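Chain residues, written in single-letter form:
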Amino acid sequence: MAQENPFGQVLVALVTPMTADGEVDWAGVEKHIDDVIQAGADGIVVTGTTGETSTLTDAEKIKLVEVGKDVAAGRAKIITGGGSNETAHAIELYRHSAEAGADGIMIVTPYYNKPTQAGILTHFRLVADATDLPVILYDIPGRTGVPIKYETILRLAKHPNILAIKDAKGDFSEVSRVLNQTDLMYFSGDDANVLPHLSIGATGLIGVTANIAPAPYRTMVDAVNRGDLKAATAEHRRLEPLVRAVMTHVPGTVSTKYILHGLGRIASPRVRLPLVGPEEWEAALIEDEIDLVQGIPGVDFHYFRPDRNAAAGGALPKIAGTTR
């Protein structure tokens, strides 16, 4: 039996706008959330990888949920991402996020520790046990060092709170297997593979490029929902050079902020160290890709004014995230 979807279908892995000195730009956060919702997003993942969860403080993460809920005002679901590679800390973070009004949580595989599958299973189960919110598992072995194996996914799918998985492995045969054998909803976690994922039964996407251009993803998802592959493919092809610009040359957070700033949609492209803005040659490659982008609704690159100097380097906050 298909689950009711409590997350939305076009989810933005939200960047966290910051000032030039690396503090969160709260007015910029509000504006950016409103921008993407107005352009068609029905879900926002705050404090995910793209939101620089690794260098946000716990207080900032909770405030991002509160601000997101306030700005969304029922127009989009607010999902809190990130979590922790310490199970006790993850439980605490998600408990506070629920109190702040989150509509769901996205739990990433513990990173750096490299737990066994038994450890991964226990981590996810304990976090899911500690919340009443619907859970998305986040499988991204390129960042965590370990995949959630197929057998582990099947066991986790039996947990009443675990309703979905965000897949950034790109193993389409495994996606099909899991969709056949569980009720889990699949969310594409790889911008280049959104349409292929949707075409084999994925529910939606959690996208980085959607920070810049939610509208074509909305069009793509709506087209797939009504069985119009031709219209969906047209959007996929239109997005392809922008996805390449965002996802190929530097971390997606860095390129997305660089492009949003160049479009005048955020006040600064600054990221927190150890992330840094694109080097000259990287910025040139991003701009070369952007020259190939045409006809994306709501994104006019005629007015693109990239600022390599503003993006250079990274911010070093005065007080470290874990001790604020």
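Conventions and cut-offs
- Residues numbered from 1 in each chain as written.
- Predicted model: local features only at pLDDT ≥ 70, side-chain atom pairs only at ≥ 80, totals over all residues.
- Heavy atoms only, no water.
- Helix = DSSP H or I, 4+ residues; strand = E, 2+ residues; numbered from the N terminus.
- Rg over C-alpha atoms; globule rule 2.2 N^0.38 Å.
- Buried < 20%, exposed > 50% of the residue type's maximum accessible area, 1.4 Å probe, protein only.
- Areas by Shrake-Rupley, 256 points an atom, 1.4 Å probe, with all protein chains shown as cover.
- Lys, Arg positive; Asp, Glu negative; His and termini not counted.
- Charge placed at Lys NZ, Arg CZ, Asp CG, Glu CD.
- Salt bridge = Lys/Arg side-chain N within 4 Å of Asp/Glu carboxyl O.
- Axes fitted to C-alpha atoms, helices over the stretch in contact; angles between N-to-C directions.
- Left-handed = near helix turned anticlockwise from the far one by under 90°.
- Contact = heavy atoms within 4.5 Å.
- Nonpolar A, V, L, I, M, F, W, Y, C, P; charged D, E, K, R; others polar.
- Arc of directions from axis to C-beta.
- Patch = residues over 30% accessible without salt bridge, like charges linked within 9 Å, V, L, I, M, F, W, Y side chains within 5 Å.
- Expected span 1.5 Å × (residues − 1).
- Core = buried A, V, L, I, M, F, W, Y, C linked by side-chain atoms within 4.5 Å.
- Pairing = 2+ DSSP bridges.
- Right-handed = clockwise from strand over helix to strand, strands pointing away.

Before going further, it helps to examine the overall build of the chain. Helix and strand counts for the chain stand at 13 helices and eight strands. Whereas a compact globule of 324 residues would reach a radius of gyration of roughly 20 Å, the chain reaches 18 Å, a difference of no more than 12%. Taken along its principal axes, the extent of the C-alpha atoms in the chain is 50 × 50 × 35 Å. When burial is assessed residue by residue, the chain has 54% of its 324 residues classed as buried. About 13600 Å² of surface is accessible on the chain, with carbon and sulfur atoms providing 52% of the total. Between the centroid of the 30 positive side chains of the chain and the centroid of its 40 negative side chains there is a distance of 2 Å.

Applying the stated criterion across every chain, the model contains 17 salt bridges. Of the charged contacts, one joins Arg-75 and Asp-34 as a salt bridge, the two residues approaching to 2.7 Å between their closest N and O atoms. In this pair, Arg-75 is assigned in the loop between α2 (58-72) and β3 (77-80) and Asp-34 in helix α1 (residues 26-38), connecting sequence segments 41 residues apart. Given a relative accessible area of 24%, Asp-34 falls into the partly exposed group.

In the contact formed by helix α11 (residues 252-262) and helix α12 (residues 280-290), the axes pass within 11 Å of each other and the chain directions differ by 65°. By crossing handedness, the relation of α11 to α12 is classed as right-handed. Counted together, Ser-255, Tyr-258 and Ile-259 of α11 and Ala-283, Ile-286, Glu-287 and Ile-290 of α12 form the full contact between these two elements. Considered class by class, the residues forming the contact of α11 with α12 number five nonpolar, one polar and one charged.

The α-helix advances 3.6 residues per turn, and as a result positions three or four apart in sequence lie on the same side. Every buried residue belonging to helix α7 (residues 172-181) is among Glu-174, Val-175 and Val-178, and all of these are buried. For α7, the arc enclosing every buried residue in end-on projection is 105°, short of the 170-degree limit, so these residues lie on one face. Set apart from the buried face of α7 by more than 90 degrees, the exposed residues are Ser-173 and Asn-180.

For the rest of this paragraph, the subject is a nonpolar patch on the surface. Together, Leu-273, Val-276 and Leu-316 give the surface a local cluster of nonpolar side chains, amounting to about 280 Å² of exposed area. Within the secondary structure, Val-276 sits in the loop between α11 and α12.

As a further point, take the side chain of Glu-235. Counting through the fold element by element, Glu-235 comes out in helix α10 (residues 229-247). Among residues more than four places away in sequence, those in contact with Glu-235 are Pro-216, Thr-219 and Met-220.

The omega torsion of the bond from Leu-273 to Pro-274 falls at 15°, within 30 degrees of zero and hence cis. Its location among the elements puts Pro-274 in the loop between α11 and α12. Of note in this structure, Thr-47 is not a glycine but carries a positive phi near 55°. Mapped onto the elements, Thr-47 comes out in the loop between β2 (43-46) and α2. Judged by its relative accessible area of 1%, Thr-47 falls in the buried class. Positive phi values are uncommon outside glycine, yet Tyr-112 reaches one of about 75°. The topology assignment puts Tyr-112 in the loop between β4 (104-108) and α4 (117-129).

With 12 residues, helix α9 (residues 214-225) should cover 16 Å at 1.5 Å per step; its first-to-last C-alpha distance of 17 Å lies within 8% of that length. Buried within α9 are the following residues: Pro-214, Ala-215, Pro-216, Tyr-217, Arg-218, Met-220, Val-221 and Ala-223. A positive backbone phi angle near 80° is found at Gly-227, which sits one or two residues after α9.

Turning our attention to the nonpolar core. The biggest cluster of nonpolar side chains holds 84 residues, and the ones touching the most others in it are Ile-44, Tyr-217, Leu-242, Ile-259 and Phe-301. Contact partners of Ile-44, with chain neighbours within four places excluded, come to Val-12, Leu-14, Ile-33, Val-36, Ile-37, Ala-76, Lys-77, Ile-78 and Ile-79. One finds Leu-11, Ala-13, Val-45 and Tyr-138 within the second-largest nonpolar core, a separate group that totals 15 residues.

The alternating pattern of β2 places Gly-43 and Val-45 and Ile-44 and Val-46 on opposite faces, both of which are buried. Pairing between strand β1 (residues 10-13) and β2: three bridges, direction parallel. Within β2, the residue paired with Ala-13 across the bridge is Val-45. In this fold, the crossover linking β1 to β2 by way of α1 has right-handed handedness. In this sheet, β3 lies alongside β2 in parallel orientation, the contact comprising four bridges. Considered in β3, the bridge of Val-45 is made with Ile-79. With α2 bridging β2 and its parallel neighbour β3, the resulting β-α-β unit is right-handed.

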